[in-house]
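# Survey of secondary and tertiary structure
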Amino acid sequence: TQLLEQSPQFLSIQEGENLTVYCNSSSVFSSLQWYRQEPGEGPVLLVTVVTGGEVKKLKRLTFQFGDARKDSSLHITAAQTGDTGLYLCAGEGSQGNLIFGKGTKLSVKP
Amino acid sequence: NAGVTQTPKFQVLKTGQSMTLQCAQDMNHEYMSWYRQDPGMGLRLIHYSVGAGITDQGEVPNGYNVSRSTTEDFPLRLLSAAPSQTSVYFCASSYSTGGTSYEQYFGPGTRLTVT
């Protein structure tokens with residue numbers, strides 16, 4: 001069974017701080033997606049990484065896919081209160097199904 | 001484009017009642033799916049469909065039925081509601097499966113309480 005473990009589970013920081021959240025597995029994934037979910041809403045796609053070692057940037061957010069395609073990280077520079085939410089990673093498994101991690105709940109305080 | 005729409009937004013059922021959660025998308029996506037989201041459990045796949053007329057079970061299918069008569073609609077039926085089905089339900093669609101085609105577009109969710 002392919003699993004995605006996200007860490008930390010909860011993160012509370014002050015506005016302006018930097019942070020990194022992780023998405024790890026012992027299995028290889030052909031691609032990984034990152035979503036952000038705000039309270040009372042559905043998840044919204046941020047990015048998809050496909051190639052091992054790939055780095056993608058979305059304004060202050062930097063996403064990296066591990067060389068072995070077993071892990072990914074999301075780094076946020078100078079966090080803002082608008083970054084608050086649940087961050088989910090999802091990987092395309094070996095059987096073509098989409099597997100979600102349980103998420104990192106980020107709270108950015110002013 | 002409205003994207004993925006879900007109705008109702010909130011629903012309270014008594015144990016044993018049945019109901020249908022509606023989901024529609026206007027993006028001509030082939031792949032549609034239903035998830036439930038519970039605290040500490042993440043998103044769990046209930047049923048999915050790779051195209052009209054084709055459905056399959058996900059991780060937690062018991063107590064739910066689906067059908068896909070058109071590309072646009074993918075309703076989820078609760079046959080006999082139980083308190084364990086209290087959850088937030090999300091419908092999602094994607095162009096296809098594989099790589100960036102698998103990027104999911106989620107609806108706003110239905111918050112269901114079974115008493």
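Residues numbered from 1 in each chain as written. Chains lettered and ligands numbered in written order. Predicted model: local features only at pLDDT ≥ 70, side-chain atom pairs only at ≥ 80, totals over all residues. Heavy atoms only, no water.

### A look at the overall build of chain B
Of regular secondary structure, chain B possesses zero helices and 11 strands. Listing each helix as α and each strand as β along chain B from the N terminus yields β-β-β-β-β-β-β-β-β-β-β. Radius of gyration (C-alpha) of chain B: 13 Å, near the 13 Å computed for a compact globule of 115 residues. Along the three orthogonal principal directions, the C-alpha set of chain B runs to about 40 × 30 × 25 Å. Taken across its 115 residues, chain B has 48% of its residues classed as buried. (Helix = DSSP H or I, 4+ residues; strand = E, 2+ residues; numbered from the N terminus. Rg over C-alpha atoms; globule rule 2.2 N^0.38 Å. Buried < 20%, exposed > 50% of the residue type's maximum accessible area, 1.4 Å probe, protein only.)

### Overview of the sheet that holds strand 3 (residues 19-24) of chain A
Residues and elements named next belong to chain A. Pairing is antiparallel across the open sheet formed by five strands, whose spatial order is 1-3-8-7-6. Edge positions in the sheet fall to strand 1 (5-7) and strand 6 (55-58), since each of these pairs with one other strand and no more. Across this sheet, the average inter-strand angle for adjacent strands is 15 degrees, counted without regard to direction. Where strand 7 (residues 61-65) meets strand 8 (residues 71-76), five bridges bridge the pair, whose relative direction is antiparallel. Across the sheet, Leu61 pairs through a bridge with Ile76, a residue of strand 8. (Pairing = 2+ DSSP bridges. Axes fitted to C-alpha atoms, helices over the stretch in contact; angles between N-to-C directions.)

### Side note on unusual backbone geometry
Outside of glycine, negative phi angles account for most residues, and trans bonds account for most peptide bonds. Between Ser7 of chain A and Pro8 of chain A the backbone carries a cis peptide bond, its omega angle lying at -10 degrees. Relative to the elements of secondary structure, Pro8 of chain A occurs in the loop between strand 1 and strand 2 (10-14). The omega torsion across Thr7 of chain B and Pro8 of chain B is -5 degrees, close enough to zero to call that bond cis. Structurally, Pro8 of chain B is set in the loop between strand 1 (4-7) and strand 2 (10-13). For Lys59 of chain A, which is not glycine, the phi dihedral falls at a positive 55 degrees. One can find Lys59 of chain A in the loop between strand 6 and strand 7. Judged by its relative accessible area of 85%, Lys59 of chain A falls in the exposed class.

### Let's talk about the packing of aromatic side chains
Taken as a whole and assessed by the stated rule, the structure comprises 10 aromatic pairs over all chains. Seen from their ring centres, Tyr35 of chain A and Phe106 of chain B are 5.7 Å apart, and the 90 degrees between their planes marks the pair as edge-to-face. Highlighted residues: Tyr35 of chain A in strand 4 (residues 32-37) and Phe106 of chain B in strand 10 (residues 105-106), drawn from two different chains. Judged on exposure class, the residue Tyr35 of chain A and its partner Phe106 of chain B are both buried. Pairing Tyr31 of chain B with Tyr102 of chain B gives two aromatic rings, centres 5.4 Å apart and planes at 85 degrees, and the pair type is edge-to-face. With a gap of 71 residues between them, Tyr31 of chain B in strand 4 (residues 31-38) and Tyr102 of chain B in the loop between strand 9 (87-94) and strand 10 connect regions that are remote in the sequence. Each member of the pair, Tyr31 of chain B together with Tyr102 of chain B, is buried. Through successive ring pairs, a cluster of aromatic residues spans Tyr35 and Phe100 of chain A together with Tyr35, Phe90 and Phe106 of chain B. (Phe/Tyr/Trp six-rings, centres within 6.5 Å; stacked < 30°, edge-to-face > 60°.)

### A closer look at the pattern of salt bridges
As enumerated under the stated definition, the model contains four salt bridges over all chains in all. Across the pair Arg60 of chain A and Asp83 of chain A runs a salt bridge whose closest N-O atoms are separated by 2.9 Å. Placement of Arg60 of chain A in the loop between strand 6 and strand 7 and of Asp83 of chain A in the loop between strand 8 and strand 9 (85-92) is noted, with a sequence separation of 23 residues between them. Residue classification places Asp83 of chain A among the buried positions, given a relative accessible area of 3%. Between Arg44 of chain B and Asp38 of chain B there is a salt bridge whose closest N-O contact spans 2.9 Å. We note that Arg44 of chain B, like Asp38 of chain B, is buried. If you follow the salt bridges from partner to partner, you end up with Arg36, Asp38 and Arg44 of chain B in one network. (Salt bridge = Lys/Arg side-chain N within 4 Å of Asp/Glu carboxyl O.)

### Regarding the interface of chain B and chain A
Taken together, the contact pairs 17 residues of chain B with 19 residues of chain A. Contact between chain B and chain A buries roughly 1400 Å² in total, counting both sides, with carbon and sulfur atoms accounting for 57%. Counting the contacts that link chain B with chain A gives zero salt bridges. Remark: the boundary between chain B and chain A carries six residue pairs in polar contact (both at pLDDT 80 or more). Elements with a minimum of two residues in the side of chain B that touches chain A: strand 4 and strand 5 (42-51) of chain B. Looking at the side of chain B that touches chain A, its residues break down into seven nonpolar, eight polar and two charged. (Contact = heavy atoms within 4.5 Å. Buried area = accessible area lost by both parts, 1.4 Å probe. Polar contact = N/O pair within 3.5 Å; in protein donor to acceptor, adjacent residues only side chain to side chain. Nonpolar A, V, L, I, M, F, W, Y, C, P; charged D, E, K, R; others polar.)

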